[in-house]
There are 2 protein chains.
Amino acid sequence: MLIVKKFGGSSVADKERIYHVAQRCIEDYRKGNDVVVVLSAMGDTTDQLIAKAKEINPNPSKREMDMLLATGEQTSVALMSMAMGAMGIPSVSLNAYQVTMHTSSAYGNARFKRIDTERIWHELDSRKLVVVTGFQGVNKYDDLTTLGRGGSDTTAVALAAALKADACEIYTDVEGIYTADPRVVPNARKLKEITYEEMLELATLGARVLHNRSVEMAKKYGVQLVVRSSLNTAEGTIVKEEVDVESMLISGVAVDKNTARIAVIGVKDTPGTAFKIFNILGKHNINVDIIIQSIGREGTKDISFTVAREDVEEVLALLNEHKSRITAQHIESDMTVAKVSVVGAGMQSNPGVAAKMFEAIYNAGINIRMIATSEIRVTVLLDEVDADKAMRAVHNRFIED
Amino acid sequence: MLIVKKFGGSSVADKERIYHVAQRCIEDYRKGNDVVVVLSAMGDTTDQLIAKAKEINPNPSKREMDMLLATGEQTSVALMSMAMGAMGIPSVSLNAYQVTMHTSSAYGNARFKRIDTERIWHELDSRKLVVVTGFQGVNKYDDLTTLGRGGSDTTAVALAAALKADACEIYTDVEGIYTADPRVVPNARKLKEITYEEMLELATLGARVLHNRSVEMAKKYGVQLVVRSSLNTAEGTIVKEEVDVESMLISGVAVDKNTARIAVIGVKDTPGTAFKIFNILGKHNINVDIIIQSIGREGTKDISFTVAREDVEEVLALLNEHKSRITAQHIESDMTVAKVSVVGAGMQSNPGVAAKMFEAIYNAGINIRMIATSEIRVTVLLDEVDADKAMRAVHNRFIED
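Residues numbered from 1 in each chain as written. Chains lettered and ligands numbered in written order. Predicted model: local features only at pLDDT ≥ 70, side-chain atom pairs only at ≥ 80, totals over all residues. Heavy atoms only, no water.

Take the sheet that holds strand β12 (residues 237-240) of chain B next. All names here are of chain B. If you trace the 8 strands from one edge of the open sheet to the other, you get β3-β6-β2-β1-β9-β11-β12-β10, paired in mixed fashion. Each of the sheet's edge strands pairs with one partner strand only, and the pair in question is β3 (91-94) and β10 (193-195). The sheet shows a mean angle of 20° between the axes of neighbouring strands, direction not considered. Two elements, β3 and strand β6 (residues 129-133), share 4 bridges in a ladder whose sense is parallel. Within β6, the residue paired with Leu94 across the bridge is Val132. Contacts from helix α1 (residues 15-30) reach β1 (2-7), β2 (34-39), β6, β9 (167-172) and β11 (225-229), with the element oriented near 170° to β1. (Pairing = 2+ DSSP bridges. Helix = DSSP H or I, 4+ residues; strand = E, 2+ residues; numbered from the N terminus. Axes fitted to C-alpha atoms, helices over the stretch in contact; angles between N-to-C directions. Contact = heavy atoms within 4.5 Å.)

To continue, consider unusual backbone geometry. All names here are of chain A. Of the consecutive residues Val99 and Thr100, the connecting peptide bond is found in the cis state with omega at -20°. Summarising the element assignment, Thr100 is placed in the loop between α4 (96-99) and β4 (101-103). Positioned with a positive phi, Lys164 is a non-glycine residue whose angle comes to about 50°. Among the structural elements, Lys164 can be located in the loop between α6 (151-162) and β9 (167-172). Unlike most non-glycine residues, Asn285 shows phi in positive territory, near 60°. Take Asn285: it is sitting in the loop between α10 (273-283) and β15 (288-295). Overall, the relative accessible area of 70% leaves Asn285 in the exposed class. (Buried < 20%, exposed > 50% of the residue type's maximum accessible area, 1.4 Å probe, protein only.)

Glancing now at the packing of helix α1 (residues 15-30) of chain A against helix α3 (residues 62-86) of chain A. All names here are of chain A. Running from N to C, α1 and α3 point in directions that differ by 65°, and their axes come no closer than 9 Å. Crossing of α1 against α3: the hand is right-handed. In this structure, α1 uses Ile18, Tyr19, Val21, Ala22, Cys25 and Ile26 to contact α3, whose residues at the interface are Leu79, Met80, Ala83, Met84 and Ala86. Partitioning the contact of α1 with α3 into residue classes produces 11 nonpolar, no polar and no charged. (Left-handed = near helix turned anticlockwise from the far one by under 90°. Nonpolar A, V, L, I, M, F, W, Y, C, P; charged D, E, K, R; others polar.)

Attention now goes to the packing of aromatic side chains. Considering all chains together, one arrives at 5 aromatic pairs over all chains under this definition. Ring geometry for Phe7 of chain A against Tyr171 of chain A: centres 4.4 Å apart, planes inclined by 15°, an arrangement best described as stacked. Pair noted here: Phe7 of chain A is in strand β1 (residues 2-7) and Tyr171 of chain A is in strand β9, with a separation of 164 residues, a long-range link. Judged by centre distance (5.1 Å) and plane angle (75°), the ring pair of Phe278 of chain B and Phe305 of chain B falls under edge-to-face. Of this pair, Phe278 of chain B sits in helix α10 (residues 273-283) while Phe305 of chain B sits in strand β16 (residues 300-307); the two residues are 27 residues apart in sequence, bridging distant segments of the chain. (Phe/Tyr/Trp six-rings, centres within 6.5 Å; stacked < 30°, edge-to-face > 60°.)

Moving on, we come to a positive patch on the surface. Residues and elements named next belong to chain A. A contiguous patch of positive charge on the surface is contributed by Lys268, Lys276, Lys283 and Arg325. By the secondary structure assignment, Lys268 is in strand β14 (residues 260-268). Its relative accessible area of 52% is what places Lys268 among the exposed residues. (Patch = residues over 30% accessible without salt bridge, like charges linked within 9 Å, V, L, I, M, F, W, Y side chains within 5 Å. Areas by Shrake-Rupley, 256 points an atom, 1.4 Å probe, with all protein chains shown as cover. Salt bridge = Lys/Arg side-chain N within 4 Å of Asp/Glu carboxyl O. Lys, Arg positive; Asp, Glu negative; His and termini not counted. Charge placed at Lys NZ, Arg CZ, Asp CG, Glu CD.)

A separate point is the packing of α10 of chain A against helix α11 (residues 312-321) of chain A. All names here are of chain A. Viewed as axis vectors pointing N to C, α10 and α11 meet at an angle of 130°, and their least axial separation amounts to 10 Å. On the basis of their axis angle, the class for α10 and α11 is oblique. Along this stretch, α10 crosses α11, giving a crossing that reads as right-handed. For the pair α10 and α11, contact is made by Ile277, Ile280 and Leu281 and by Val315, Leu318 and Leu319, respectively. The residue makeup of the contact of α10 with α11, split by class, is 6 nonpolar, no polar and no charged. (Parallel < 35°, antiparallel > 145°, perpendicular 65-115°, else oblique.)

Before going further, it helps to examine the side chain of Lys301 of chain B. All names here are of chain B. By secondary structure assignment, the location of Lys301 is in strand β16. Residue classification places Lys301 among the buried residues on the basis of a relative accessible area of 8%. Non-local contacts of Lys301, meaning those with residues more than four positions away in its chain, are made with Val264, Ile265, Gly266, Val267, Lys268, Asp269, Thr270, Thr273, Gln293, Ser294, Ile295 and Gly296.

Residues and elements named next belong to chain B. In space, the 4 strands of this open sheet follow the order β15-β16-β14-β17, with antiparallel pairing throughout. Here the strands that pair on one side only, and so sit at the sheet edges, are β15 (288-295) and β17 (330-334). Direction aside, the axes of adjacent strands within the sheet are offset by 15° on average. Relative to the sheet, α10 contacts β14 (260-268), β15 and β16, its axis offset from that of β16 by approximately 25°.

Right, let's talk about the pattern of salt bridges for a bit. Close approach of charged atoms lets side chains of opposite charge pair. Residue and element names in this part refer to chain A. All told, the structure shown has 52 salt bridges over all chains when counted by the stated rule. Its salt-bridge partner being Glu241, residue Lys219 comes within 3.7 Å of it at the nearest N-O pair. One end of the pair, Lys219, is in helix α9 (residues 212-221); the other, Glu241, is in the loop between β12 (237-240) and β13 (252-256), and 22 residues separate them in sequence. Here Arg309 and Glu384 are joined by a salt bridge, their closest N and O atoms 3.1 Å apart. Of this pair, Arg309 sits in the loop between β16 (300-307) and α11 while Glu384 sits in the loop between β20 (377-383) and α13 (387-400); the two residues are 75 residues apart in sequence, bridging distant segments of the chain. Among the residues examined, Glu384 registers a relative accessible area of 27% and is labelled partly exposed.

What follows covers the relation of the copies chain A and chain B. Between chain A and chain B, the superposition needs a rotation of 180° and an axial shift of 0.1 Å, giving an RMSD of 0.1 Å. What the superposition gives is, in effect, a two-fold axis relating one chain to the other. Every residue of chain A has its C-alpha some distance from the rotation axis, and the shortest such distance is that of Thr71 of chain A, at 2.6 Å. An overlap of 100% is found between the interface residues of chain A and their copies at the interface of chain B, pointing to a shared contact surface. (Least-squares fit on C-alpha atoms with pLDDT ≥ 70 in both.)

On the side of chain B, 38 residues touch chain A, which itself brings 38 residues to the contact. When the two sides are added together, the surface that chain A and chain B hide from each other amounts to roughly 3,100 Å², 59% of it contributed by carbon and sulfur. Applying the counting criterion to the chain A and chain B interface returns 2 salt bridges. The salt bridge partner of Asp143 of chain B is Arg119 of chain A, with a shortest N-O separation of 2.7 Å. On inspection of chain A and its partner chain B, the count reaches 24 residue pairs in polar contact (both at pLDDT 80 or more). Taken together, the elements giving at least two residues each to the side of chain A that touches chain B come down to α1, α2 (45-56), α3, β3 (91-94) and α4 of chain A. The dominant element in the side of chain A that touches chain B, judged by the number of residues it contributes, is α3 of chain A, at 17 residues. Here the side of chain A that touches chain B is composed, by residue class, of 20 nonpolar, 10 polar and 8 charged. (Buried area = accessible area lost by both parts, 1.4 Å probe. Polar contact = N/O pair within 3.5 Å; in protein donor to acceptor, adjacent residues only side chain to side chain.)

Residues and elements named next belong to chain A. Among the 9 residues in β14, 8 count as buried, and that is most of the element. Of the strand pairs in this sheet, β14 and β16 are connected by 7 bridges, and their pairing is antiparallel. Its bridge partner being in β16, Val264 is matched across the sheet by Ile303. Sheet topology places β14 next to strand β17 (residues 330-334); 5 bridges connect them, and they run antiparallel. Bridging across to β17, Val264 finds its partner in Ile331.

Set out below in structure tokens:
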């Protein structure tokens, strides 16, 4: 059996934890498995390197930043291989050049294009435990690239796909994917299984444990993932294409407090206005979530939408710059909102989910300000102060009952 | 003009010094020169990485150690390129893979085999300042190697040779090569020029500023070196094939206190004994310096030689192990000795140098215990306590007079 195992930065933060991870990998190796380990940079190394760079140049070239950051994972894999050596197991560390992991040329946000497997197979064939740098790749200019935050998950999935691995295990500091954030909802349950689609919709839950792009890639190449704890041997959560029909209607409830509402008030009620607004934002890579268009006064309409809070300043600047083109009377923003979502593949065949959710929130005495739905998700926007209470109410109604 | 400039770890130890180095490189760049900068790891990064490795594994694989150490220079070059960017100069950092710098496969002690110049030319042609990692290479297995301590000097020379550079400048924290260690001999003079041969013989002086292997390579490829200070713009010392005939008879006086005397007493006076002794040591990569063979008692002889102090333990163990084979009665060691040498290309045509040196040491009331000479060097072994005094006497006689 060929197993790809990925460990994050906190799992390799010091000597003790490096040995702990080495031990877990060696257990699988000793059973006769081929083991490929993907590692992130140790602890907060990446943040430290970024701080060092910003000290030198507040706005460093992305190419040079990737050159710098790539040293973090190279350090991890070399030290891990040394630990395995100390434990008497033949191992070899490989960086992005050695593998080679080919990516697009977008420094800081590269995507895998192709992974050569020859070197890894060669090392596995000579019964070595192979330790590979996560997060990094090489582009067509022969320059180092990085995949963006959480990129090591994507490296693990990409390697599992390229090697046709039998298992891809993502180790983290939680035991798996929960129906809600256990810090907010004490009764949150660990899911045994979840679909790729649900996982993607549960981004705010998943972000803590799985990078969205890795889930997209796993879905695309049919790589079944296991999310489990690096601290104990509890069974984790399996992320796959389809889950048992008997599984819960709702797989999770998520809160996203990193959201703000933008309202463009009094635009002319003519075709193309919405297109103009979202075209401007799209060109600047600003992700827009819930969109509501309502009728305003005297032949005008109001267009509201949500964006991530870090984008608010830029959005306001852009819209004010194009104010006359988009025929807006004025533009408002509200940073005191939050999104609560229920996600579940089961809701496709159960039309009552949205109503049930609204009822739970109504019973908790909370006002809903906007609503958006997808095939497997219902999201409401409400005041941030009500968010946790709403999540508990919804979780209680769907999952605990 | 194409200039290769090399800066050591202390020259790039912090933000201020990185900017200082960037400034010096940019001055040459602005004059229209092509500039290639070779950097070591910042400050004591390499020592810190070694300590980290030893904490994980007291006896780490050399291959993994090189994988780890190579991150040090990669960090330096990325940060340097960011500093140049902040100063508005287009630049690019390159590691051993990107150049590519091909080496032998001896991890920790690799030698350059070939340096590809295509990428560097490409970057220079687009008027970029090119910042290259010193100390590291890539072997035929596509693994990272390192060149051993001081290897960045060798990288600079190898690049200068491969690029047929017009100048190769080695920046250091002293102003050049001196006739003696200025800390011991206050009247020591900075040399304007010195030959490769002299530089090699002055290893103990040169070790502080130039790695021997880099001098050998410079000699082999005819690369003229300039050793100068990174702290000021004083003219440095030029290292080249031949110097002015009018230059001094003696270019320098050196003391080496890292030496010990080994005496193999009472070996049989038959052919092959010396061969056996030095063959054993050679097989274990132990460098032997001065060798003296003297007649002992009753048809035996004594063989004495000097080795570096860190090798004494191993030498004694090896010789005792083979004691009967080398027919030794007993083996002694003495760690209280030092070597004083005078070096000068001029002495080839001036036979009186050795006598003049012995006279100076005799006048200082110091006893000489062993003597060795080469074409351009005379070395005496004496008690360590007398070493500095002897050096001053010799320096005074040859250089100050």
